[in-house]
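Chain residues, written in single-letter form:
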Amino acid sequence: VKFNGSGLSSGTYISDLTINSNDPLNPELTVPCSLTIAGTSYIVLSDTCMDLDTVTQYLSGYQTFKLYNTGCDPLDITDINNSLSVFSVDDTAMVIQPEDSASVTVTFTPNTSGSFSDTLIILNDFADTAICLSGYGLSGPVISVNPDSIGVTISSCDDSVTQQILVYNTGGSDLIISSGTRAA
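All values reported here derive from a predicted model rather than from experimental measurement.

J.: Quick one: what's the story with the overall build of the protein, residue by residue and with numbers?
T.: Summing up its helical and strand segments, the protein has zero helices and 13 strands in all. Along the protein, from the amino end to the carboxyl end, the secondary structure elements read β-β-β-β-β-β-β-β-β-β-β-β-β. Once the C-alpha set of the protein is aligned to its principal axes, its extents read approximately 125 × 40 × 20 Å. Residues counted as buried form 24% of the 184 residues belonging to the protein. The contacts of the protein with a sequence gap of at least 6 include a subset with a gap of at least 24, amounting to 62%. Split by element, the accessible area of the protein, about 12200 Å² in all, is 50% carbon and sulfur.

J.: Describe the side chain of asparagine 69, listing the residues and the values that go with them.
T.: Assignment of secondary structure puts asparagine 69 in strand E5 (residues 61–69). What makes asparagine 69 buried here is its relative accessible area of 1%. In terms of polar contacts, asparagine 69 uses its side chain to reach the backbone amide nitrogen of tyrosine 42, at 3.1 Å. A polar side-chain atom of asparagine 69 sits 3.0 Å from the main-chain carbonyl oxygen of isoleucine 96. Residue contacts for asparagine 69: discarding those within four places in its chain leaves Ser41, Tyr42, Pro74, Leu75, Ile96, Gln97, Pro98, Glu99 and Asp100.

J.: Can you lay out the packing of aromatic side chains for me, pointing to particular residues and giving the numbers?
T.: Per the counting criterion, the structure on display carries three aromatic pairs. Taken together, a centroid distance of 5.0 Å and an interplanar angle of 20° make the contact between phenylalanine 87 and phenylalanine 108 stacked. Taken together, the positions of phenylalanine 87 in strand E7 (residues 87–89) and phenylalanine 108 in strand E9 (residues 100–108) put the pair 21 residues apart, joining distant regions of the chain. The exposure class of phenylalanine 87 is buried, given its relative accessible area of 3%. In this structure phenylalanine 108 comes out as buried when scored by relative accessible area, which is 0%.

J.: Help me get a handle on the sheet that holds strand E6 (residues 75–81), residues and values and all.
T.: Spatially, E4-E11-E10-E6-E8 is the arrangement adopted by the five strands of the open sheet, whose pairing is mixed. A strand with exactly one partner marks an edge of an open sheet, and here the two such strands are strand E4 (49–56) and strand E8 (94–96). Across the sheet, the axes of successive neighbouring strands diverge by a mean angle of 30°, strand direction being ignored. Pairing between E4 and strand E11 (residues 129–138): six bridges, direction parallel. Within the sheet, the bridge partner assigned to cysteine 49 lies in E11 and is cysteine 132.

J.: Account for the nonpolar core, with residues named and values stated.
T.: Counting residues in each nonpolar core, the largest one holds 24 residues, and the members touching the most others are Phe65, Leu67, Ile77, Val106 and Ile122. Here this core gets four residues from one element, more than from any other, and that element is E9. Dropping the residues within four chain positions of it, isoleucine 122 is found in contact with Ile43, Leu45, Phe65, Leu67, Ile77, Asp79, Ile80, Asp128, Thr129 and Ile131.

J.: Give me the lowdown on the environment of aspartate 16, citing residues and values where you can.
T.: Of note, aspartate 16 is situated in strand E1 (residues 11–20). Classification of aspartate 16 by relative accessible area gives exposed; the value is 51%. C-alpha of aspartate 16 to C-alpha of glutamate 28: the two residues are twelve residues apart in sequence and 12 Å apart in space.

Rules and cut-offs
- Residues numbered from 1 in each chain as written.
- Predicted model: local features only at pLDDT ≥ 70, side-chain atom pairs only at ≥ 80, totals over all residues.
- Heavy atoms only, no water.
- Helix = DSSP H or I, 4+ residues; strand = E, 2+ residues; numbered from the N terminus.
- Buried < 20%, exposed > 50% of the residue type's maximum accessible area, 1.4 Å probe, protein only.
- Contact = heavy atoms within 4.5 Å.
- Areas by Shrake-Rupley, 256 points an atom, 1.4 Å probe, with all protein chains shown as cover.
- Polar contact = N/O pair within 3.5 Å; in protein donor to acceptor, adjacent residues only side chain to side chain.
- Phe/Tyr/Trp six-rings, centres within 6.5 Å; stacked < 30°, edge-to-face > 60°.
- Pairing = 2+ DSSP bridges.
- Axes fitted to C-alpha atoms, helices over the stretch in contact; angles between N-to-C directions.
- Core = buried A, V, L, I, M, F, W, Y, C linked by side-chain atoms within 4.5 Å.

Interpretation note: all reported values are geometric properties and have no functional meaning in isolation.
Below, the structure written as C-alpha cells:
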C-alpha cells in the first residue's frame, strides 16, 4: 500500500482498503487505513524589495506584492508592520490557504522631499519575513498670487475693467494651472 500526500493539506484522511479473494471464509477483507499529514505553511514573496519611485509630496504612489503559501497548512499572517508613516499597507492580517496567494498594496505618501527607506515586517506562523521599501519624495509646487485680493469699482453698467494678478510658484516642481475663473 502506497500513501501519497501530494496536493493534500494538513489533516487526517481515512479510507478503507478492500481486498477480494477466493478465501471461502473471508472473500472480502476490509482494512481501515488512515493518513495523517502533519505539514506546515510556507511563505514565499513575489518581491524582496520594492522601489515606489518618485512621488510628489502629499500625493500617493502604489505598488502591490504577493504573498504565497506553498505549504500544506494555512498560513496565518498576524500583522504587517513598518516604521515610517510615509509607507502604509492596505491589509495587515489574513489567512492564506495552502497553494493560494494574497495581494498586499503598499502606499507611499511622502510629506517632505527626499529619499525614504523602510522595512515591512510580515509576522506569520511560519517565519517572520521582511521586504525593503524605498521611494523619493519630490517637493511639490506652491502657488501664491500678488495681489492676494482684488477690489474694483465700475462706474457704468456697460463698462469693464482689467486688473492684473501675478501667479507665482515657490515650490520645487512645476505648477500647472488648468483653469481660472473670473468674477462677473
